[in-house]
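In case you want the letters, here they are:
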Amino acid sequence: MQTSPAHVAHHNDREIETLEEFDATVSARGTLTGFRVQAVDLTDRTKELLASDTAGAVFLGCPMRENAAAKIRADGALVFPPLPGVPFDPYRGHLYTPDELFGSLDKGYEATPDAVAYDWFQRTRADGDIYASMLRSIHDDAVSDALDELLRSARVVGVMGGHAIARGTEAYGGAARLGRALARAGFTVATGGGPGAMEAANLGAYAAPYRDGMLDEACELLGKAPSFVPSVTDWARAAFEVRERWPKGNASVGIPTWFYGHEPPNAFASHIAKYFANATREDGLLARSNAGVVFLPGAAGTVQEIFDNTTPNYYESRGEPTPMVLVDRAHWTQRLPAWPLLQALARDRPMESRIALVDRIEEAPEALDRLSRVNET
């Protein structure tokens, strides 16, 4: 997956999401008519705003001088000003990074933007304020827009699995090796962005450019803080120690939610699409896994994801069914028998040749490849 600005900038050509894009547009066109300027600090661009035609433009959360705002309103532009007292930018033009969400971690997790946003969510969700719910919806829509821009033309494989898998366990190591194998095969790894199997798969993708031994060493370092309970701070710091030791990791995507506030995002997903609405997040993660999904052993959340993914494959509502690989025969046939139901649903339908059950996590990449080749014939 490319991480260059060129890759990330494949958005609607009427959208301006950085100061560089703003300057280039004004220089080349001399007008901002009809453009959407999204979360760009224009405080030092008063001269350009006063000199440009902005009729029909929309400015979403752009700080600017009052005289510039008055002029562009008079032109007929719509100005949605930045919102004081809200601990996130609902108009943001790009996905989050681990460094952004875990800023101020040195003061403890409670001081980070991630934790502060969750506290705001808890307070506003309890009082049912329509203003707050509108801001959450705008934010989530902006995140979806940024995610689509990032993943355009990428081959995305989703890795689903439980949050409870501890660092240092064989299950964690297996999920990490799976993420590494997928990344080395040219896929963009996408997970639910949280701890456990999700973190492991993002870690594996991160480790893809390094020699094989690096992943074992990283897992050993992380094992010092095996879970985000009792201390998210210690858990997150261990991840940043790994990133500092091996700073040139491969990119991957995490799609977590503040709905599960007790689950922090993991620091190995380079791009984090964090949502307030869990339903939007779940559907968005699965819908964007266009090259298939691997389901590791999990509980209720993973079962939900299996059948959230099954429905569009069954009805072919997103086109050709995409591959689904379930890992751990005993888990999915005995403990939580999702596989027999999935088989029954798939029988005599195109999706029947796109599902597989494997015993071991090491078999998942080959199964995914086999199902993908069926998809192409």
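Residues numbered from 1 in each chain as written. Predicted model: local features only at pLDDT ≥ 70, side-chain atom pairs only at ≥ 80, totals over all residues. Heavy atoms only, no water.

The name an unreviewed UniProt entry assigns to the protein is Rossmann fold nucleotide-binding protein, from the organism Streptomyces dioscori.

Across its full length, the protein holds 16 helices and eleven strands. Relative to the globule expectation of 21 Å for 377 residues, the C-alpha radius of gyration of the protein, 22 Å, shows essentially globular dimensions. Structurally, the protein occupies a C-alpha span of about 65 × 50 × 45 Å along its principal axes. Taking all 377 residues of the protein together, 52% fall into the buried category. (Helix = DSSP H or I, 4+ residues; strand = E, 2+ residues; numbered from the N terminus. Rg over C-alpha atoms; globule rule 2.2 N^0.38 Å. Buried < 20%, exposed > 50% of the residue type's maximum accessible area, 1.4 Å probe, protein only.)

For the coordinates displayed, the defined rule picks out 24 salt bridges. In this structure, Asp44 engages Arg65 in a salt bridge whose closest nitrogen and oxygen atoms are separated by 4.0 Å. Of this pair, Asp44 sits in the loop between β2 (36-38) and α3 (46-51) while Arg65 sits in the loop between β3 (58-60) and α4 (66-75), and the two are 21 residues apart along the sequence. For Arg65, a relative accessible area of 43% gives the class partly exposed. The closest approach of N and O atoms between Glu217 and Arg211, which form a salt bridge, is 2.6 Å. (Salt bridge = Lys/Arg side-chain N within 4 Å of Asp/Glu carboxyl O.)

Here we take up the domain arrangement of the protein. Assigned domains within the protein: domain 1 (15-80) and domain 2 (146-373). The gap between the C-alpha centroids of domain 1 and domain 2 is 40 Å. (Domains from an automatic or database assignment.)

Take the sheet that holds strand β9 (residues 293-295) next. Pairing within the open sheet is parallel, and its seven strands lie in the order β8-β7-β6-β5-β9-β10-β11. Looking at the sheet topology across the chains shown, the edges are occupied by β8 (271-272) and β11 (355-358). Running at roughly 155° to β11, helix α15 (residues 338-346) makes contact with β10 (324-327) and β11 of the sheet. (Pairing = 2+ DSSP bridges. Contact = heavy atoms within 4.5 Å. Axes fitted to C-alpha atoms, helices over the stretch in contact; angles between N-to-C directions.)

Next up on the list: the packing of helix α6 (residues 113-127) against helix α7 (residues 130-151). Contact geometry for α6 and α7: axes closest at 8 Å, N-to-C directions at 135°. When the axis of α6 is compared with that of α7, the two are oblique. The handedness of the crossing between α6 and α7 comes out as left-handed. Contact residues: Trp120, Phe121, Thr124 and Arg125 in α6; Ala132, Leu135 and Arg136 in α7. When the residues that make up the contact of α6 with α7 are grouped by side-chain class, the tally is four nonpolar, one polar and two charged. (Parallel < 35°, antiparallel > 145°, perpendicular 65-115°, else oblique. Left-handed = near helix turned anticlockwise from the far one by under 90°. Nonpolar A, V, L, I, M, F, W, Y, C, P; charged D, E, K, R; others polar.)

Now for α6. With 15 residues, α6 ought to run about 21 Å at 1.5 Å a step, and its terminal C-alpha atoms sit 21 Å apart, in line with that. For α6, every residue scored as buried is listed here: Asp114, Ala115, Ala117, Trp120, Phe121 and Thr124. Of the surrounding elements, those touching the buried residues of α6 are α5 (98-101) and α7. Phi turns positive one or two residues past the end of α6, at Gly128, with a value near 65°. (Expected span 1.5 Å × (residues − 1).)

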